[in-house]
Amino acid sequence: MRRFVLVISALLLCPAEALAGEHDYPILDAYLSVFRSKVADELPLSDDVTFYGSLLPEPIVGRNQVITFFNKVAPSVQLRQVKQAFEGANGACAELVFYFEGADVLLEEAHCIQIKDGKILSIRLYYDPRPLMGGN
């Protein structure tokens, strides 16, 4: 339920034009390309970017550290579906479905991105991690 509240809240805050059929989502397009190309080196990150993930003991801070993390993780996941997405001047959010090869698990996630001066300032992942840990 919390995931749907998050996505609905984010949709209510986004500009109406972001929900139109055509889109101009340069940050989201660059972000999603990491999961297609399996390389994060060109991701437009701020130098002090922070990545928050449910299974991480603490956030990952810093451009090089986040790129290293994505370059390690991206090859083992397949982006299967973009259920919905939007981007505004200060943020972006996407509801995504990933397949995790090593765990043989499909997982729905909400990726919320804070944008400042055309670069990613923070990335927050929201999902139920139990399927990755062998639970329902």
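Bear in mind the structure is a predicted one, so any value in this text is a computation, not a measurement. (Residues numbered from 1 in each chain as written. Predicted model: local features only at pLDDT ≥ 70, side-chain atom pairs only at ≥ 80, totals over all residues. Heavy atoms only, no water.)

Draft legend 1. Representation of the nonpolar core in the model. Counting residues in each nonpolar core, the largest one holds 34 residues, and the members touching the most others are Tyr31, Phe35, Leu45, Phe70, Ile113, Ile120 and Ile123. Secondary structure elements with two or more residues in this core: α2 (26–37), β1 (45–52), α3 (63–73), β3 (77–87), β4 (91–100), β5 (105–116) and β6 (119–126). (Core = buried A, V, L, I, M, F, W, Y, C linked by side-chain atoms within 4.5 Å. Buried < 20%, exposed > 50% of the residue type's maximum accessible area, 1.4 Å probe, protein only. Helix = DSSP H or I, 4+ residues; strand = E, 2+ residues; numbered from the N terminus.)

Draft legend 2. Fine view of unusual backbone geometry. A positive phi angle, close to 70 degrees, is found at Lys38, a residue other than glycine. The residue Lys38 is located in the loop between α2 and β1 in this model. The exposure class of Lys38 is partly exposed, given its relative accessible area of 24%. Unusually for a residue other than glycine, Asp104 sits at a positive phi of about 55 degrees. Turning to its location among the elements, Asp104 is positioned in the loop between β4 and β5.

Draft legend 3. Region of the structure containing the pattern of salt bridges. Within this structure, the stated rule accounts for two salt bridges. Linking Lys83 and Glu108 is a salt bridge whose minimum nitrogen-to-oxygen distance equals 3.3 Å. Placement of the pair is Lys83 in strand β3 and Glu108 in strand β5, with a sequence separation of 25 residues. The partner of Arg130 in a salt bridge is Asp128, and the shortest N-O contact between them spans 2.5 Å. Looking at Arg130, the relative accessible area reads 47%, which means it is partly exposed. (Salt bridge = Lys/Arg side-chain N within 4 Å of Asp/Glu carboxyl O.)

Draft legend 4. Spatial organisation of the packing of aromatic side chains. Overall, the coordinates contain eight aromatic pairs when judged by the stated rule. Ring geometry for Phe69 and Phe70: centres 5.9 Å apart, planes at 70 degrees, overall edge-to-face. Among the aromatic residues, ring-to-ring pairing joins Tyr31, Phe35, Phe51, Phe69, Phe70, Phe98 and Phe100 into one connected group. (Phe/Tyr/Trp six-rings, centres within 6.5 Å; stacked < 30°, edge-to-face > 60°.)

Draft legend 5. The arrangement of the pairing of β4 in detail. Of all 10 residues in β4, 10 are buried; the element is thus mostly enclosed. Residues Gly91, Cys93, Glu95, Val97 and Tyr99 point to one face of β4 and Ala92, Ala94, Leu96, Phe98 and Phe100 to the other, with burial holding for every one of them. The pairing of β3 with β4 spans nine bridges and is antiparallel. Note that in β4 the partner of Phe86 across the bridge is Cys93. Here β3 folds back onto β4, and the loop between the two strands holds three residues. As defined by bridge partners, β4 adjoins β5 across 10 bridges and the pair is classed as antiparallel. In the strand pairing of β5, Val97 is matched with Glu108. Once β4 ends, the chain turns through four residues before running back antiparallel as β5, passing Asp104 with a positive phi of about 55 degrees. (Pairing = 2+ DSSP bridges.)

These figures come from the coordinates and say nothing about function on their own.
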